[in-house]
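The primary structure of each chain is shown beneath.
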Amino acid sequence: MKRAAPALEAALAQLERSQLRRVRTTVEGCPAHSRALIIAGGRELIDFSSNDYLGLAHHPSLAAAMSACAARTGAGSGASHLITGHGSEHALLEEELAAYTGRERALLFSTGYMANLAVMTALSARGECVLLDRLCHASLIDGARLSGATLRRYRHADADSAARLLAGERGAALIATDGVFSMDGDLAPLPQLARLAQRAGAWLVVDDAHGLGVVGASGRGVLEHFGLSSHAVPVLVGTLGKAFGSFGAFVAGDADLIEFLIQKARTYIYTTALPQPVAAATRAALALVQAESWRRERLQALTAYFRRAALEAGVPLGPSATPIQPVLLGSAAAALAAQRELAQAGFWVVAIRPPTVPAGSARLRVTLSALHTEPQLDALAGQLAHACRRERSSAA
Ligand SMILES: *Cc1c(COP(=O)(O)O)cnc(C)c1O
């Protein structure tokens, strides 16, 4: 142990020098459930970094469902789902998620990371080929590596690039992609990928962590947006810690897929079941997501409003039409400086640096919530424009 310490110290110092060391900020409170504010360092900041798109994470209905369930079931589930950890809240939530996504069955996981490891390792193996988008989430990459399959990365959101890679392989077991890309906010070319997967006889896995609850006419995600059936996209992964404001994840698909995952997925079998109170909170969230469409509509209106304000102020935004609105700054140092400047002015917008994004594409990742207001967005746009101007003049 002792001998390794100097190496760790050197590695940490290197991260510090290259502006890549990450620090956690302790959030001391959220002053009002109906406003996107946090308290950190004793100051109130407008939160433009959480994935709580619909403003549900602090909603009293979720907290009430959670504590009522805890009084009934206790805090912990005590064992894995296959031993004695599977409770009635899990079963009900799975039925409701299957109905919500229009699929035969859904299977709960403790996290999206684990759900992605599950599908990737259960559906591909050594000797097969897995195709992934260059910018897809780390958990899909780790799952592909763990499966032992040959991993090929195609150009971002480019189905032709995927087709060219596929032509050089004997066959693909699986193509996987984010639905909405988590750091860019753009959408995967799913109709083209679905055709490619069908022609190749490969599985298509879509991780719609940032689309569910947000994208599509009724908020059912990228598959609804593109009008794709469960035949076109047989494996759908959703997470519950983002738009649903709770915690956990699920895989939705036909009955055989789900049964196979229950039998084979190691991140399902060898882990303690999610606490039932968390599932109860998610059920409350799912009811609100469906009953209160104003949250989604408001989020869409605010996204359009922010884009107009920011572009008019000269902020270089990408093409995203979702609540994920990155402002590319290039170097890690520039992104960190902009983060500090915005925090000074009362805006909590976190810099995203490599390896989360490719080298040279460090950015501020602005995320919008249904709880923001137009004056907050105007103020943010002005401050971002200021930070970008300052960055350009210091680079020149
Ligand atoms: C957040 C995220 C995950 C991980 O989900 P957790 O439930 O937070 O583990 C997986 N995929 C994508 C695209 C994500 O953005």
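Residues numbered from 1 in each chain as written. Predicted model: local features only at pLDDT ≥ 70, side-chain atom pairs only at ≥ 80, totals over all residues. Heavy atoms only, no water.

1. Describing the site of the ligand
Residues in contact with the ligand amount to 14 residues; listed here are only the nearest, Gly112, Tyr113, Asp207, His210 and Lys242. One of the backbone nitrogen or oxygen atoms of Gly112 is found 2.7 Å away from an oxygen atom of the ligand. Contacts to the ligand include Lys242, whose side-chain N or O atom sits 2.7 Å from an oxygen atom. If the ligand stood free it would expose 380 Å²; the protein chains cover 81% of that surface. No other element matches helix H5 (residues 112-123), which puts three residues into the shell around the ligand. Taken together, the residues that form the shell around the ligand break down as two nonpolar, nine polar and three charged. (Near = heavy atom within 4 Å. Polar contact = N/O pair within 3.5 Å; in protein donor to acceptor, adjacent residues only side chain to side chain. Areas by Shrake-Rupley, 256 points an atom, 1.4 Å probe, with all protein chains shown as cover. Helix = DSSP H or I, 4+ residues; strand = E, 2+ residues; numbered from the N terminus. Nonpolar A, V, L, I, M, F, W, Y, C, P; charged D, E, K, R; others polar.)

2. A few points about the domain arrangement of the protein chain
Under the domain assignment used here, the protein chain contains domain 1 (21-50 + 293-395) and domain 2 (60-291). Spacing between the C-alpha centres of domain 1 and domain 2 amounts to 27 Å. Interface area for domain 1 against domain 2, summed over the two sides, is near 1,300 Å², with a carbon-plus-sulfur share of 59%. Its largest share of buried area at the contact with domain 2, domain 1 owes to Arg296, Thr322 and Ile324, together 38% of the area lost on that side. A salt bridge links Arg363 to Asp184, with the nearest nitrogen and oxygen atoms 3.0 Å apart. The interface formed by domain 1 and domain 2 includes seven residue pairs in polar contact (both at pLDDT 80 or more). Residue assignment for the side of domain 1 that touches domain 2 shows that the elements contributing at least two residues are helix H13 (293-312), strand E11 (324-330) and strand E14 (362-367). The element that contributes the greatest number of residues to the side of domain 1 that touches domain 2 is H13, accounting for four residues. (Domains from an automatic or database assignment. Buried area = accessible area lost by both parts, 1.4 Å probe. Salt bridge = Lys/Arg side-chain N within 4 Å of Asp/Glu carboxyl O.)

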